[in-house]
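Now for the letters of each chain:
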Amino acid sequence: MFEQQLKDAQDAIARALADRMAVLGSDRVAEGMRYTTTGGKRLRGFLVLETARLTGGDAGAAMQAACAVECIHAYSLVHDDLPCMDDDDLRRGLPTVHRKWDEATAVLVGDALQSFAFELLADPATGDADQRAELVLTLARASGPQGMVLGQAQDIAAETADAPLTLDQITELQANKTGALLEWPVVAGAILGRADPAPLRRYARSLGLAFQIADDILDVEGDAEKAGKALRKDAEAGKATFVSLLGLEGAKARAASLIDEAIGAVEPYGIEAQTLRELARFVIARDQ
Ligand code: GRG
């Protein structure tokens, strides 16, 4: 049931992205944008659709916001894979953009995806003027120098720091680097449904941290073929992670208790939040 719901959302988001990108040509940047927004679990887009449904938001507007956050996420992966950042050759089982084309194309594809995301949010199809302004403001904060970009900079700085990061520092870094962009979708859902974002924010904060811990566990225990990317890079680089700081069993226990917290946070929504509960369980059970 949940797997089917996720699959349906993944397909719907893929169709919507293809449709929104039909205005773009067949030049290399446009092709790169299509290439990098194909595949992936679509967790962020699915979270927008599901929380908008839960709060009574407009489904068409929610799809616009789902496409926007998937564009920002794809841009972050394209830039993160660049040689000057994490230097990866493989993403979602395919060559990274700078390997398939070149570095200049990868920079431009990331830049273009970022602009395109905000274009989608500003479009009249994404709600009334107040909703659109709030969506733009909150996504800019989540993805920019107070959110994802800050987290990425903290991560890069940690590589040359004198001492490995502490648990508190890693938690803060991850809240910025991956947490902010996992929290935005539920805020977007609440904006579209004109609902109080507080319970959904609590859900997303616990989910985001559990997601990152699960990613660190996958880096140690996962299968690179299934993950579609290189693994064990953190240990090889001697980076502090939740696994290096808590141990494998400690990290699993922490992720499980965060999922319990996430599930508890959406209690006010009762049975209607069943999909969000299953999504939370999926996040720590995934193998990619
Ligand atoms: C370049 C400004 C800038 C930021 C990059 C998010 C990020 C910041 C880098 C990604 C590095 C990374 C692989 C982090 C681990 C967690 C993560 C975001 C994994 C990928 O997200 P999934 O699992 O990917 O949702 P799919 O492929 O399913 O969309």
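Analysis parameters
Residues numbered from 1 in each chain as written. Predicted model: local features only at pLDDT ≥ 70, side-chain atom pairs only at ≥ 80, totals over all residues. Heavy atoms only, no water. Helix = DSSP H or I, 4+ residues; strand = E, 2+ residues; numbered from the N terminus. Rg over C-alpha atoms; globule rule 2.2 N^0.38 Å. Buried < 20%, exposed > 50% of the residue type's maximum accessible area, 1.4 Å probe, protein only. Contact = heavy atoms within 4.5 Å. Areas by Shrake-Rupley, 256 points an atom, 1.4 Å probe, with all protein chains shown as cover. Lys, Arg positive; Asp, Glu negative; His and termini not counted. Charge placed at Lys NZ, Arg CZ, Asp CG, Glu CD. Salt bridge = Lys/Arg side-chain N within 4 Å of Asp/Glu carboxyl O. Near = heavy atom within 4 Å. Polar contact = N/O pair within 3.5 Å; in protein donor to acceptor, adjacent residues only side chain to side chain. Nonpolar A, V, L, I, M, F, W, Y, C, P; charged D, E, K, R; others polar. Core = buried A, V, L, I, M, F, W, Y, C linked by side-chain atoms within 4.5 Å.

Asks: Just checking my understanding: could you explain the overall build of the chain for this structure?
Replies: Scanning the chain for helices and strands turns up 15 helices and two strands. Taking 2.2 N^0.38 as the reference for a compact globule, 288 residues should give roughly 19 Å; the C-alpha atoms of the chain span a radius of gyration of 18 Å, in line with that estimate. Referenced to the eigenvectors of the C-alpha coordinate spread, the extents of the chain come out at roughly 50 × 50 × 35 Å. For the chain, buried positions account for 49% of its 288 residues. Across the chain, contacts joining residues at least 24 apart in sequence account for 72% of those joining residues at least 6 apart. Carbon and sulfur atoms make up 54% of the accessible area of the chain, which amounts to about 13000 Å² in all. Of the side-chain charges in the chain, 30 are positive and 45 negative, and the distance between the mean point of each set is 3 Å.

Asks: Mind showing me how you'd approach the pattern of salt bridges here?
Replies: Pairing of side chains with opposite charge becomes possible as their charged atoms draw close. All told, the structure shown has 15 salt bridges when counted by the stated rule. Across the pair R34 and E31 runs a salt bridge, and its minimum N-O distance is 3.2 Å. In this pair, R34 and E31 both sit in helix α2 (residues 28–36), three residues apart, roughly one turn of the helix. With its nearest N and O atoms 3.4 Å apart, the salt bridge here joins K239 to D155.

Asks: Just checking my understanding: could you explain the site of the ligand for this structure?
Replies: Lining the immediate surroundings of the ligand are 20 residues, of which K41, R44, H73, D80 and R92 lie closest. The side chain of K41 places a nitrogen or oxygen atom 2.5 Å from an oxygen atom of the ligand. At 2.8 Å, a side-chain N or O of H73 approaches an oxygen atom of the ligand. Here the ligand has 700 Å² of accessible area as a free molecule, and 92% of this is covered by the chains. Top contributing element to the shell around the ligand by residue count: helix α4 (residues 59–80), with six residues. Considering only residue class, the shell around the ligand consists of five nonpolar, seven polar and eight charged.

Asks: Would you mind going over the nonpolar core with me for this structure?
Replies: Nonpolar side chains in soluble globular proteins tend to end up buried together. With 80 residues, the main nonpolar core has L47, V48, M63, L113, W184, Y203 and I213 as its most contacted residues. The leading source of residues in this core is α4, at 13 residues.

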